[in-house]
Number of protein chains: 2
Amino acid sequence: MKIADFRIHPIAIADPPLRSSYGLHAPYALRTIVELISDDLVVGISETYGGEAQVKQLEALRDQIIGANPYRLTGFLSGMVDGATGNCDRSQTWHVPGENPLDATTRTFAAIEVACLDLIGKTVGQPVCDLIGGRVRSEVPFSAYPFYKHAGGGGEGSDARDDEYGEALSPEAIVAQVRQMVAKHGFGSIKFKAGVLDPEIEIETIKQLHRALGPNVPLRIDPNSAWTVETSVRVGKALAEELGRGGYLEDPTAGIENMAAVRKRLLAEGIDTPLATNVAVTCFADIPRAVALDAVQIILCDHHYWGGMRQVQHLARLAKTFGIGLSMHSNSHLGISLMAMAHCAAATGHLTYACDTHYPWAHEQDEVVRGGRVPITNGCVKIADKPGLGVELDYDQLARGKERYKNCKYRKRDDEAEMRKHVDPGWKRVLPRW
Amino acid sequence: MKIADFRIHPIAIADPPLRSSYGLHAPYALRTIVELISDDLVVGISETYGGEAQVKQLEALRDQIIGANPYRLTGFLSGMVDGATGNCDRSQTWHVPGENPLDATTRTFAAIEVACLDLIGKTVGQPVCDLIGGRVRSEVPFSAYPFYKHAGGGGEGSDARDDEYGEALSPEAIVAQVRQMVAKHGFGSIKFKAGVLDPEIEIETIKQLHRALGPNVPLRIDPNSAWTVETSVRVGKALAEELGRGGYLEDPTAGIENMAAVRKRLLAEGIDTPLATNVAVTCFADIPRAVALDAVQIILCDHHYWGGMRQVQHLARLAKTFGIGLSMHSNSHLGISLMAMAHCAAATGHLTYACDTHYPWAHEQDEVVRGGRVPITNGCVKIADKPGLGVELDYDQLARGKERYKNCKYRKRDDEAEMRKHVDPGWKRVLPRW
């Protein structure tokens, strides 16, 4: 079996005006869909970050991909999984996911790895999770992912979408948003994107969520490095009683040293709420220092930028070895990424928390998966008894996504620029903000 | 595809009277050959440690194996790869490989994993290394493995074997043994099993080897924990100038704390010869302490007892992350294990040293691989362009191996008992001995 064709499809999907410490989501999120077509005309697919740079990085591999055996290609390209070295930490603090040059090679490798696995799975009739060691679960739990947001459902002009969830810039509105998401998808845990309003309002938001949902729904709060050590400790203390079982405090402050300081001070106050991260630790090179300083107790993996599913499995074993929990990071995405995340999670024993997903924020209208959106039921994605990732491309929908990409002016993600354009012309990302 | 049959074949193979700090090799080494036969009548094979306990542990899985999909079986059994917890360190210090109850489940899992991978590879027409991420090399380097030994080639009575290498109980005889091995197999590095004679004689052995082979042949010395910290430092210093590039000092002393003490004292003397181990660190649970104390700079992996090929890949990533080198451990084995080791090594990027192998000590007469012994040429095993492990069973030879097992009285490995029987009736393993 050889790879006879390699297609790269840049697409844009409508994205609601979600807020985070990075700024504001643009009306369109960019994604890239990859197809690897074998000489038997089987098609393997994957989905990754979008925009011009990502397309170029994939395109640069064309000569190595065409004619390759998909079983061997990942070995051949394996130098890419080591990623760049250097000051990973600072870089990820200041880059939104998908725009960090230090993970350009791991991101690009992952898109190829997943498409190879899908191609192999579809060729031999086996689900991807069973190609990489075998599933340890067939239902993968995801969290509701509430965001502060402005009014609007994403898209622009005549392409603007319905605003399913409405504006949410208060604790009460977040509670309503979560109730709506939970009613629709049955989520059993909540990951709350903070770092947007004054910490006191965000503490109040968590408290209201906790009261609304009861003590058995794990709550996680993620301000994306917006706080000082001082504020992080203050919030940590305020939340200690409110956080449900299984909750965590994610990236309250920037950098491994500051995370370690927060941990130390919370422990000194008898508070052992674990600190999670997908900012302070985003590659293997970050781990030794994080372990030495006990800076993080949970790592959010993401096959998209950690170098693929097998690297996530390596990370899981490493995390387990050092007593670190594992959760999963998400970015605006469609059903191909959702299924890749689910297969990766299904074959990763040491995944100790429900995964994040932005999927409820995407629109049916933009889905490129044949048959429409992948269901999230009882908070879980089911691994269907289908080969590969279990999903195939809807080429009409793909064509619409490409058209949308062509027509929109976005070629990279820049949440700061969107803030200036839509909310505050003088806005700058300042860390720490509080 | 389902597994329709599961066959467990205990065999015995002639083993020369090799010496180590554990004692003396018995005239027969015990191995177990596993067959998984699919409903399409494809046969997947593997080889692991031998004897009664190993057969029982495999047999206990029968109900879970029959009827299973080989792609899913490893996920289903994945709880076994975590192994036992507890005082791994002390245990491995006192148990020969294959007789450590703490790795009973990881050993047993690995035998099943490898047979599943061989079955899958033979079904889809792909080599095993390309099923687990893809090869990063197609030729895997192994080391010559000289041992002090008594006269004899192994086997008993009318089944006694020719003594290809002869007695070797002096530095000169080890040099001759190595020359003979290198001439036959082209090895480019040497792993010398020490811990048998007085350290001064072993230092002299290394010096003579170094002079005989030149400065570019990496030399490793492994006394299997026979020395005190004091002696380890003394030997380390004496060898510092003699050890060729890429050499290491393996398990000079018992336990992570003592290894750390040796490392610290050598560094204080300006000697940074890395310390390697397959005794102080034999499972993931051992690693955090070893890292915290900088006790080991090289880990010898072994898919047979670390829980299979994928766990070795996890270990490799972990080792790379923490700046630890990786080599590969060996035990008396035949061609199936050799090919499994080679495939595992071929698909493991961070394998920074040539692998150990006892294969030159085994006899053609005992090989169960169809077509006879796997060649080691220029010190390397080639990954052939053949599906699975690239080898198949010779059932006549297998029957002879089973007959040999039935006729010999050995049911577990006990090197101390062999020492008492053949060398010194009062011999006891004492650690540290020097």
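Residues numbered from 1 in each chain as written. Chains lettered and ligands numbered in written order. Predicted model: local features only at pLDDT ≥ 70, side-chain atom pairs only at ≥ 80, totals over all residues. Heavy atoms only, no water.

When you go through chain A residue by residue, the secondary structure sums to 16 helices and 13 strands. In terms of C-alpha radius of gyration, chain A reaches 20 Å, essentially the compact-globule figure of 22 Å for 434 residues. Summarising its shape, the C-alpha atoms of chain A cover approximately 60 × 50 × 40 Å along the three principal directions. Element-wise, carbon and sulfur atoms account for 50% of the exposed surface of chain A, whose accessible area totals about 14,500 Å². Each charge class in chain A can be summarised by its mean position, and for the 48 positive and 54 negative side chains these summaries are 2 Å apart. (Helix = DSSP H or I, 4+ residues; strand = E, 2+ residues; numbered from the N terminus. Rg over C-alpha atoms; globule rule 2.2 N^0.38 Å. Areas by Shrake-Rupley, 256 points an atom, 1.4 Å probe, with all protein chains shown as cover. Lys, Arg positive; Asp, Glu negative; His and termini not counted. Charge placed at Lys NZ, Arg CZ, Asp CG, Glu CD.)

Between chain B and chain A, the residue contacts involve 33 residues of the former and 33 residues of the latter. In total, about 2,800 Å² of surface goes out of reach between chain B and chain A, with carbon and sulfur atoms giving 54% of it. Contact with chain A buries area across many residues of chain B, yet Tyr71, Arg72 and Arg317 of chain B alone supply 24% of it, more than any other trio. For the pair chain B and chain A, the interface holds eight salt bridges. (Contact = heavy atoms within 4.5 Å. Buried area = accessible area lost by both parts, 1.4 Å probe. Salt bridge = Lys/Arg side-chain N within 4 Å of Asp/Glu carboxyl O.)

In screw terms, the move from chain B to chain A is a rotation of 180 degrees and a rise of 0.0 Å along the axis, fitting with an RMSD of 0.0 Å. Such a combination of rotation and displacement between the chain copies is what one expects of a two-fold axis. For chain B, the smallest separation between a C-alpha atom and the rotation axis is recorded for His314 of chain B, amounting to 2.3 Å. Interface residue correspondence from chain B to chain A reaches 100%, placing this contact among same-surface, isologous pairings. (Least-squares fit on C-alpha atoms with pLDDT ≥ 70 in both.)

Another point: the side chain of Thr282 of chain A. Residue and element names in this part refer to chain A. Mapped onto the fold, Thr282 is located in the loop between strand S10 (275–277) and helix H11 (287–292). On the accessibility criterion, Thr282 (4% relative accessible area) is buried. Residue contacts for Thr282: discarding those within four places in its chain leaves Gln92, Tyr305 and Trp306. (Buried < 20%, exposed > 50% of the residue type's maximum accessible area, 1.4 Å probe, protein only.)

Tallied over the entire structure, the rule returns 13 aromatic pairs over all chains. Residues Tyr248 of chain A and Tyr353 of chain A carry aromatic rings whose centres are separated by 5.1 Å and whose planes lie at 85 degrees to one another, so their mutual orientation is edge-to-face. Taken together, the positions of Tyr248 of chain A in strand S9 (residues 248–250) and Tyr353 of chain A in the loop between helix H14 (335–346) and strand S13 (380–382) put the pair 105 residues apart, joining distant regions of the chain. We classify Tyr248 of chain A as buried; its relative accessible area is 0%. Judged by relative accessible area, Tyr353 of chain A falls into the buried class, the value being 18%. For the pair Phe284 of chain B and Trp306 of chain B, a centre-to-centre distance of 5.1 Å together with 85 degrees between the ring planes defines the contact as edge-to-face. Here Phe284 of chain B, found in the loop between strand S10 (275–277) and helix H10 (287–292), pairs with Trp306 of chain B, found in helix H11 (residues 303–306); they are 22 residues apart in sequence, far enough to count as distant. Across this residue pair, the class does not change: Phe284 of chain B and Trp306 of chain B are buried. (Phe/Tyr/Trp six-rings, centres within 6.5 Å; stacked < 30°, edge-to-face > 60°.)

Looking now at helix H7 (residues 199–213) of chain B. Helical geometry note: an α-helix holds 3.6 residues per turn, so side chains three or four residues apart project in the same direction. Residue and element names in this part refer to chain B. With 15 residues, H7 ought to run about 21 Å at 1.5 Å a step, and its terminal C-alpha atoms sit 21 Å apart, in line with that. Pro199, Glu202, Ile203, Thr205, Ile206, Gln208, Leu209 and His210 are the residues of H7 that are buried. On its buried face, H7 sits against helix H6 (171–185), strand S7 (190–193), strand S8 (219–222) and helix H8 (229–240). The N-cap residue of H7 is Asp198: its side-chain oxygen and the backbone nitrogen of Glu200 are 2.9 Å apart. Just downstream of H7 lies Gly214, where phi reads positive at about 90 degrees. (Expected span 1.5 Å × (residues − 1). Polar contact = N/O pair within 3.5 Å; in protein donor to acceptor, adjacent residues only side chain to side chain.)

Moving on to the pattern of salt bridges. Pairing is possible between side chains of opposite charge, provided their charged atoms come close. All names here are of chain A. Tallying each qualifying case throughout the model produces 62 salt bridges over all chains. The salt bridge involving Arg135 is made with Asp130; its shortest N-O contact spans 2.8 Å. Both residues of the pair, Arg135 and Asp130, belong to the buried class. Overlapping salt bridges, with partners in common, bring together Lys191, Lys193, Asp222, Glu250 and Asp356 in one network.

Below, the discussion takes up the environment of Asp63 of chain A. Residue and element names in this part refer to chain A. Relative to the helices and strands, Asp63 is located in helix H2 (residues 62–65). Judged by relative accessible area, which is 74%, Asp63 ranks as exposed. Linking Asp63 and Gly323, residues 260 residues apart in sequence, is a C-alpha distance of 42 Å.

Residue and element names in this part refer to chain A. Leu431 connects to Pro432 through a cis peptide bond whose omega is -15 degrees. Mapped onto the secondary structure, Pro432 falls in the segment after helix H16 (415–422). Although it is not a glycine, Asp294 adopts a positive phi angle of roughly 50 degrees. With respect to the helices and strands, the residue Asp294 is situated in the loop between H11 and strand S11 (298–301). A positive phi is found at Asn378, a non-glycine position, where the angle reads about 50 degrees. Checked against the element boundaries, Asn378 lands in the loop between H14 and S13.

Turning to the pairing of strand S8 (residues 219–222) of chain A, a few remarks are in order. Residue and element names in this part refer to chain A. Covered by surrounding structure in S8 are Leu219 and Ile221 together with Arg220 and Asp222, the residues of both alternating faces. Examined bridge by bridge, strand S7 (residues 190–193) and S8 share four bridges and lie parallel to one another. Within S8, the position partnered with Lys191 by the bridge is Arg220. In this fold, the crossover linking S7 to S8 by way of helix H8 (residues 199–213) has right-handed handedness. Pairing of S8 with S9, which is carried by two bridges, proceeds in the parallel orientation. Opposite Ile221, over in S9, you have Leu249 as the bridge partner. (Pairing = 2+ DSSP bridges. Right-handed = clockwise from strand over helix to strand, strands pointing away.)

Residues and elements named next belong to chain A. Strand order across the open sheet formed by six strands is S7-S8-S9-S10-S11-S12, with parallel pairing between neighbours. Only two strands of the sheet have a single neighbouring strand rather than two, namely S7 and strand S12 (325–328). Each strand axis lies, on average, 25 degrees off the axis of its neighbour in the sheet, ignoring direction. Across the sheet, helix H10 (residues 256–268) lies against S9 and S10, angled at about 165 degrees from S10, the strand it touches most. (Axes fitted to C-alpha atoms, helices over the stretch in contact; angles between N-to-C directions.)

What follows covers the side chain of Gln297 of chain A. Residue and element names in this part refer to chain A. Relative to the elements of secondary structure, Gln297 occurs in the loop between H11 and S11. A distance of 2.9 Å separates the side chain of Gln297 from the side chain of Asp294, its partner in a polar contact. Apart from residues lying up to four places away in sequence, Gln297 is in contact with Arg263, Pro274, Leu275, Ile324 and Gly325.

Here we come to helix H7 (residues 171–185) of chain A. Residue and element names in this part refer to chain A. Taking 1.5 Å of rise per residue, 15 residues should cover 21 Å, and H7 covers 21 Å from first to last C-alpha, within 8% of that figure. Contacts made by the buried residues of H7 are with S7 and H8. Phi turns positive one or two residues past the end of H7, at Gly186, with a value near 75 degrees.

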